[in-house]
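Read off the chains here:
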Amino acid sequence: MKLKIYFEASWRDGSKFGVAMDLGETERPIDCQMLAGSIDKGALLRACGLDGAVRPEDVTILTPEEYEREYGEEAAP
């Protein structure tokens with residue numbers, strides 16, 4: 001099973017964008033709500049190199065379904 005994090009963020013001008021981050025593979029089931037609740041948004045932004053442009057409070061963790069509905073899996077580069 002692929003392990004991914006999906007989130008939406010707002011640039012400082014208010015425009016939004018989505019990110020699908022592939023973390024690798026896992027054989028055990030993952031509780032998406034538990035994973036989403038444990039993410040440090042500031043650390044996530046630093047890992048993506050976005051901490052200078054996006055504030056942690058402007059990040060929303062999305063479910064795979066929310067990301068697909070808003071951005072589509074194929075929209076991710």
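Just above sits the structure.
Conventions we followed
- Residues numbered from 1 in each chain as written.
- Predicted model: local features only at pLDDT ≥ 70, side-chain atom pairs only at ≥ 80, totals over all residues.
- Heavy atoms only, no water.
- Salt bridge = Lys/Arg side-chain N within 4 Å of Asp/Glu carboxyl O.
- Core = buried A, V, L, I, M, F, W, Y, C linked by side-chain atoms within 4.5 Å.
- Buried < 20%, exposed > 50% of the residue type's maximum accessible area, 1.4 Å probe, protein only.
- Helix = DSSP H or I, 4+ residues; strand = E, 2+ residues; numbered from the N terminus.
- Pairing = 2+ DSSP bridges.
- Arc of directions from axis to C-beta.
- Contact = heavy atoms within 4.5 Å.
- Polar contact = N/O pair within 3.5 Å; in protein donor to acceptor, adjacent residues only side chain to side chain.

Enquirer: What should I look at first to understand the pattern of salt bridges in this one?
Expert: Pairing between side chains becomes possible if they bear opposite charge and their charged atoms approach one another. Counted under the stated rule, the structure contains three salt bridges. Residue Arg55 pairs with Glu57 through a salt bridge whose shortest N-O separation is 3.6 Å. One salt-bridge network, in which partners are shared between bridges, spans Arg55, Glu57 and Asp58.

Enquirer: Help me understand the nonpolar core in this model?
Expert: Residues Phe7, Ala9, Phe17, Leu44, Val54, Val59 and Ile61 are the most contacted members of the largest nonpolar core, which totals 13 residues. Counting residues per element, the ones that place at least two in this core are β1 (2–10), β2 (16–25), α2 (41–48) and β3 (59–62).

Enquirer: I keep staring at the pairing of β2 and nothing clicks. Help me out?
Expert: Regular strands have side chains that alternate between both faces of the sheet. By the bridge criterion, nine bridges tie β1 to β2 in an arrangement that is antiparallel. Across the sheet, Lys2 pairs through a bridge with Glu25, a residue of β2. Between the antiparallel neighbours β1 and β2 lie five residues, among them Gly14 with a positive phi of about 100 degrees.

Enquirer: So what exactly am I meant to see when it comes to α2 here?
Expert: An α-helix turns once per 3.6 residues; consequently, residues spaced three or four apart project the same way. Every buried residue of α2 is accounted for by Gly42, Leu44 and Leu45. Angular distribution of buried residues about the axis of α2 spans 160 degrees; they occupy a single face of the element. Exposed and facing more than 90 degrees away from the buried side of α2 are Arg46 and Ala47. On its buried face, α2 is in contact with β1, β2 and β3. Sitting at the head of α2, Asp40 places a side-chain oxygen 3.0 Å from the backbone nitrogen of Gly42. Two residues or fewer after α2 comes Gly49, characterised by a positive phi angle close to 75 degrees.

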